[in-house]
Amino acid sequence: MSEELAIDIKDLTKVFGDFTAVDHLTCNVKKGEIFGFLGANGSGKSTTIKMLCGLLKSTSGTATVAGFDINTQSDEIKYKIGYMSQRFSLYEDLTVAENIRFFGGIYQIPDDKLRERTKWVLKMAGLEGKENILTRELAGGWKQRLALGCAVLHVPAIVFLDEPTGGVDPISRRRFWDLILLLADMGTTIFVTTHYLDEAEYCNRVTLLHQGKLIAEGSPDGLKREYIKNPMLEVETSNVVEALELVQQQSWALDTSIFGTYLHVSVRDEPEGIASIKRVLSEKGIEVKRIERIVPSLEDVFLHLIEERSKEFDSAEAKAS
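Quantities reported herein were computed from a predicted structural model and do not represent experimental measurements.

Draft legend 1. Highlighting the packing of aromatic side chains. All chains considered together, the criterion is met by six aromatic pairs. Geometrically, the ring pair formed by phenylalanine 102 and phenylalanine 103 is edge-to-face, given 5.5 Å between the ring centres and 85° between the ring planes. By relative accessible area, phenylalanine 102 is classed as partly exposed at 33%. The ring of tyrosine 262 has arginine 290 lying over it, and the distance from NZ or CZ to the ring centre is 4.9 Å.

So, in structure tokens, the structure goes:
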């Protein structure tokens, strides 16, 4: 493995019976970068993390984490990494301080070093003065930050975060990402899975996973430039669902999707696209409140790629029949 790589994955595959959860995955993570591992639920993200953490052996292919082989040196890997999942892995009936001491014992941190690290975790997580509160009494955002603190208590070189922001409010999500960026600035390699594609904008590089296969990889801006070459229009209407159904039927609409309460439409020509959208919707009595060109989001990229893969699959099925 190159000295510049924290994680090196080659042809990694995991099969459960007749189901292929991870399908010949090849990618790498550089030391000190924030690496986003993105995809819908069931795309193979958590299975990949379990293999990389040495919790699950691969069916074929391999990977190295911090220079150690995931299939033959899993014990060595566990001392080099931190891990945090959406369930936070905390003990609800322990206090904040007791949870920190518990994880300090697991990582075999000497008492003098643990006292120093405990102060750092409490400050980082904003939990100073809350040491004696039972963990179950903490709000979701506080639990989330405590879980991250426990995961990095032993100062690991690599931290795996598996859907860490699921189930918390947007403000807590943003504060959590502030902590991730802080860790990255300190030289920690971050490997994070998420289905919140807006969070991927914080990553140096991302991979997009679909049905266990890697379908795209690159920087957030690079992926947008590579896969969304045509103008992307955002449309605000009086009925976004009906507008979607109408616009999808038009040959000039290259990609269409709902983004929040707005409609995103990719077209070949911006002026013609705007005029066509107004005409089609007004004919059906749908008010067009606003249309403007926007910078595509990673969600636009992901939906575009999924649609392209679906077309390829349908074409292959048609040829086979």
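Here the narrative resumes.
Draft legend 2. How the structure looks around the packing of helix H4 (residues 111-125) against helix H5 (residues 140-151). Running from N to C, H4 and H5 point in directions that differ by 150°, and their axes come no closer than 9 Å. When the axes of H4 and H5 are compared, the crossing they make is right-handed. Across the interface between the two elements, Val121, Met124 and Ala125 of H4 pack against Trp142, Arg145, Leu146 and Gly149 of H5. Per-class residue counts for the contact of H4 with H5 are five nonpolar, one polar and one charged.

Draft legend 3. Up close: H4. For H4, built from 15 residues, the straight-helix expectation of 21 Å at 1.5 Å per residue is met to within 8% by its first-to-last C-alpha distance of 21 Å. Every buried residue of H4 is accounted for by Leu114, Arg117, Thr118, Val121, Leu122, Met124 and Ala125. The buried residues of H4 occupy an angular sector of 160° when the element is viewed end-on, so they sit on one face. What points out from H4, more than 90 degrees from its buried face, is the exposed set Asp112, Arg115, Lys119 and Lys123.

Draft legend 4. Here's a closer look at helix H9 (residues 270-283). With 14 residues, H9 should reach 20 Å at 1.5 Å per residue; the first-to-last C-alpha distance of 20 Å fits that figure. All buried positions along H9 are accounted for by Gly273, Ile274, Ser276, Ile277, Val280 and Leu281. All buried residues of H9 fall inside an arc of 165° around its axis, so they share one side. In this structure, H9 carries Pro271, Glu272 and Glu283 as exposed residues pointing more than 90 degrees from its buried face. Against strand S11 (232-237), helix H8 (240-248), strand S13 (262-266) and strand S14 (288-294) lie the buried residues of H9. Where H9 begins, one side-chain oxygen reaches toward the backbone nitrogen of glutamate 272, 2.9 Å away; that side chain belongs to aspartate 269. At the C-terminal side of H9, glycine 285 shows a positive phi close to 75°.

Draft legend 5. Examining the pattern of salt bridges more closely. Under the definition given, this model contains 16 salt bridges. Between glutamate 33 and arginine 205 there is a salt bridge whose closest N-O contact spans 2.6 Å. Highlighted residues: glutamate 33 in the loop between strand S2 (19-30) and strand S3 (34-38) and arginine 205 in strand S9 (residues 205-210), separated in sequence by 172 residues. With respect to burial, glutamate 33 and arginine 205 carry one shared label: buried. Note that glutamate 236 and arginine 290 form a salt bridge whose closest N and O atoms lie 3.3 Å from each other. Note that glutamate 236 is positioned in strand S11 and arginine 290 in strand S14, a separation of 54 residues in sequence.

Draft legend 6. The pairing of strand S4 (residues 60-65), seen in detail. By the bridge criterion, five bridges tie strand S1 (residues 5-16) to S4 in an arrangement that is antiparallel. Opposite aspartate 8, over in S4, you have threonine 64 as the bridge partner. Judged from the two bridges that link them, S4 and strand S5 (residues 68-69) form a sheet pairing that is antiparallel. Considered in S5, the bridge of valine 65 is made with phenylalanine 68. Adjacent in sequence and paired antiparallel, S4 and S5 are bridged by two residues, among which alanine 66 carries a positive phi angle near 55°.

Draft legend 7. Main features of the sheet that holds S14. Overall, antiparallel pairing links the four strands, which are arranged S12-S13-S11-S14 in an open sheet. Looking along the sheet, the strands with just one partner apiece sit at the ends: strand S12 (255-259) and S14. Within the sheet, the average angular offset between the axes of one strand and its neighbour, ignoring direction, is 20°. Pairing geometry for S11 and S13, over four bridges, is antiparallel. Looking at the pairing, glutamate 234 lines up with histidine 264 of S13. Sitting on the sheet, H8 touches S11, S12 and S13, and the angle it makes with S12 is about 175°.

Draft legend 8. Region of the structure containing the environment of isoleucine 294. Take isoleucine 294: it is sitting in strand S14. Accessibility expressed as a relative area gives 19% for isoleucine 294, which makes it buried. In sequence terms isoleucine 294 and valine 192 are 102 residues apart; their C-alpha atoms lie 27 Å from each other. With near-sequence residues (within four places) excluded, isoleucine 294 lies in contact with Met232, Glu234 and His264.

Parameters at a glance
Residues numbered from 1 in each chain as written. Predicted model: local features only at pLDDT ≥ 70, side-chain atom pairs only at ≥ 80, totals over all residues. Heavy atoms only, no water. Phe/Tyr/Trp six-rings, centres within 6.5 Å; stacked < 30°, edge-to-face > 60°. Buried < 20%, exposed > 50% of the residue type's maximum accessible area, 1.4 Å probe, protein only. Lys NZ or Arg CZ within 6 Å of the ring centre and 35° of its normal. Axes fitted to C-alpha atoms, helices over the stretch in contact; angles between N-to-C directions. Helix = DSSP H or I, 4+ residues; strand = E, 2+ residues; numbered from the N terminus. Left-handed = near helix turned anticlockwise from the far one by under 90°. Contact = heavy atoms within 4.5 Å. Nonpolar A, V, L, I, M, F, W, Y, C, P; charged D, E, K, R; others polar. Expected span 1.5 Å × (residues − 1). Arc of directions from axis to C-beta. Polar contact = N/O pair within 3.5 Å; in protein donor to acceptor, adjacent residues only side chain to side chain. Salt bridge = Lys/Arg side-chain N within 4 Å of Asp/Glu carboxyl O. Pairing = 2+ DSSP bridges.

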